[in-house]
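Now for the letters of each chain:
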Amino acid sequence: MQRGKFITFEGSEGCGKSTQIKRFVKMLTDRGIETIQTREPGGTSVGERIRDLLQHDDAGSQLTNESELLLFAASRAQLVREVIAPALNRGTWVIADRFLDSTTVYQGGGRGLSVEAVEQMNAFAVGETMPDLTLLLDLDAATGHARAVAATGAKPDRMESQPIAFFEKVRQGYLDLAGREPARISVIDASESIEGVSSQINGIFETRFGALEGSR
Ligand code: Z5A
């Protein structure tokens with residue numbers, strides 16, 4: 001049995017991950033590729049409880065930066081072992097809305113926690129399960145925030161309530177990461193139309209996996 005491919009979508013709030021994941025998964029399914037989708041934090045019963053604490057529960061306002069890091073890592077450790085690794089092992093492709101790069105840039109770059117601590121925590125949480133490809137939807141923070149607000153119209157959650165400077169640091173953190181890991185991370189211009197972003201993603205898919213697909 002050939003291991004499934006693990007593809008992660010990353011980017012700051014409102015960059016269009018959910019929109020693009022839906023289209024990407026449909027494209028894969030239409031080609032007969034079995035896929036599952038995950039989201040973080042969350043994706044398991046334990047992870048959804050952690051998500052609630054991180055984003056919505058009043059107790060979340062008392063979280064220190066260190067506890068926040070550990071909670072994101074705990075949610076991911078559970079998701080990897082309960083869902084992602086078993087799916088990949090049975091040949092299913094996993095399409096993830098956020099993974100370890102979110103922790104690197106939000107808790108590392110955004111919160112300013114030590115790079116070593118964040119890297120150690122990431123490595124401990126994911127073990128051997130690393131993405132084959134990461135699609136970074138790059139968008140300026142103000143546009144992303146405006147899109148996110150227009151989409152929900154709701155009261156922003158704890159993470160969304162950070163000042164715009166926080167999201168600018170997050171964006172830069174992602175671009176720095178992509179510069180360090182160009183073989184894994186492809187940068188997409190997310191300021192284009194939904195169609196335009198989709199076609200950039202499909203182009204990368206063809207380049208990376210087109211030949212492999214022909215041999216299925
Ligand atoms: N976080 C962390 O700090 N550390 C970690 O380790 C992890 C996460 C894993 C999770 O938020 C929060 O946790 C997140 C990072 C932090 N905090 N923030 N901010 P979430 O899961 O609730 O949400 P999100 O991941 O930030 O995504 P989002 O804001 O829901 O947006 P999105 O999925 O990227 O975008 P979308 O829903 O597809 O699109 C938003 C709107 O824009 C919607 O109306 C679309 O129709 C529209 N859209 C999409 N594409 C376009 C284009 N191309 N043009 C115009 N309009 C568009």
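Residues numbered from 1 in each chain as written. Predicted model: local features only at pLDDT ≥ 70, side-chain atom pairs only at ≥ 80, totals over all residues. Heavy atoms only, no water.

### Side note on unusual backbone geometry
Logical step 1: Of the consecutive residues Glu40 and Pro41, the connecting peptide bond is found in the cis state with omega at -10 degrees.
Logical step 2: One can find Pro41 in the loop between β2 (35-39) and α2 (45-55).
Logical step 3: The backbone of Arg98 shows a phi angle near 80 degrees, a positive value even though the residue is not glycine.
Logical step 4: Along the chain, the position of Arg98 falls in the loop between β3 (93-97) and α4 (100-110). (Helix = DSSP H or I, 4+ residues; strand = E, 2+ residues; numbered from the N terminus.)

### What about the site of the ligand?
Logical step 1: Around the ligand sit 24 residues, and of these Lys17, Ser18, Thr19, Arg98 and Thr103 come closest.
Logical step 2: Between an oxygen atom of the ligand and a main-chain N or O atom of Cys15, the distance comes to 3.4 Å.
Logical step 3: Within the contact set of the ligand, an oxygen atom lies 3.0 Å away from a side-chain nitrogen or oxygen of Arg51.
Logical step 4: Notes on the ligand: free accessible area 1,100 Å², of which the protein chains cover 82%.
Logical step 5: Counting atoms within 2 Å of the grid points, the majority share of the ligand lands in the largest pocket.
Logical step 6: Contributing elements (two or more residues each) for the shell around the ligand: α1 (17-30), α2, α3 (65-89), α4 and α6 (141-152).
Logical step 7: With four residues, the single largest contributor to the shell around the ligand is α4.
Logical step 8: Residues belonging to the shell around the ligand are distributed by class as follows: seven nonpolar, nine polar and eight charged. (Near = heavy atom within 4 Å. Polar contact = N/O pair within 3.5 Å; in protein donor to acceptor, adjacent residues only side chain to side chain. Areas by Shrake-Rupley, 256 points an atom, 1.4 Å probe, with all protein chains shown as cover. 1 Å grid on protein atoms, 1.4 Å probe; cavity = no way out; pocket = protein on both sides within 12 Å on 5 of 7 lines; lining within 4 Å. Sits in = over half its atoms within 2 Å of the grid points. Nonpolar A, V, L, I, M, F, W, Y, C, P; charged D, E, K, R; others polar.)

### Describing the layout of surface pockets
Logical step 1: One number sums up the size of the largest pocket: a volume of about 960 Å³.
Logical step 2: Together, 38 residues line the largest pocket, and Glu13, Arg51, Gln55, Asp157 and Glu160 are the ones closest to its centre.
Logical step 3: Among the residues making up the lining of the largest pocket, the classes are represented as 10 nonpolar, 13 polar and 15 charged.
Logical step 4: Volume-wise, the second largest pocket comes out at about 290 Å³.
Logical step 5: Taken together, 18 residues make up the lining of the second largest pocket; nearest its centre are Thr104, Val115, Glu119, Leu177 and Arg180.
Logical step 6: Put simply, the parts of the chain that give the lining of the second largest pocket at least two residues each are α4, α5 (115-126) and α7 (164-180).
Logical step 7: Per-element accounting of the lining of the second largest pocket gives the leading share, six residues, to α4.
Logical step 8: Across the lining of the second largest pocket, the residue classes tally to seven nonpolar, five polar and six charged. (Points joined across faces, edges and corners; volume = space filled by probe spheres on them.)

### Examining empty space enclosed by the protein
Logical step 1: Following the criterion strictly, the structure yields one cavity of 30 Å³ or more and no others.
Logical step 2: Approximately 40 Å³ is the volume attributed to the largest cavity.
Logical step 3: If you trace the largest cavity, you find it lined by Gly11, Ser12, Leu136, Leu137, Asp138, Leu139, Arg171 and Tyr174.
Logical step 4: Mapped onto the lining of the largest cavity, the elements with two or more residues apiece are β4 (133-138) and α7.
Logical step 5: Taken together, the residues of the lining of the largest cavity break down into four nonpolar, two polar and two charged.

### Thoughts on the sheet that holds strand β5 (residues 185-189)
Logical step 1: Sheet architecture is open: five strands sit in the order β2-β3-β1-β4-β5, paired in parallel fashion. Every interior strand has two partners, whereas the edge strands, β2 and β5, have only one. Averaged over all adjacent pairs, the angle separating strand axes in this sheet is 20 degrees, with direction ignored.
Logical step 2: Of the strands in this sheet, β1 (6-10), β4 and β5 touch α7, which is tilted by about 140 degrees from β4. (Pairing = 2+ DSSP bridges. Axes fitted to C-alpha atoms, helices over the stretch in contact; angles between N-to-C directions. Contact = heavy atoms within 4.5 Å.)

### Considerations on the pattern of salt bridges
Logical step 1: In the structure shown here, the tally under the stated rule is 12 salt bridges.
Logical step 2: In this structure, Arg23 and Glu195 form a salt bridge, with 2.7 Å as the shortest nitrogen-oxygen distance. Taken together, the positions of Arg23 in helix α1 and Glu195 in helix α8 (residues 194-214) put the pair 172 residues apart, joining distant regions of the chain.
Logical step 3: Each of Asp101, Glu181 and Arg184 takes part in salt bridges that share partners, so that together they form one network. (Salt bridge = Lys/Arg side-chain N within 4 Å of Asp/Glu carboxyl O.)

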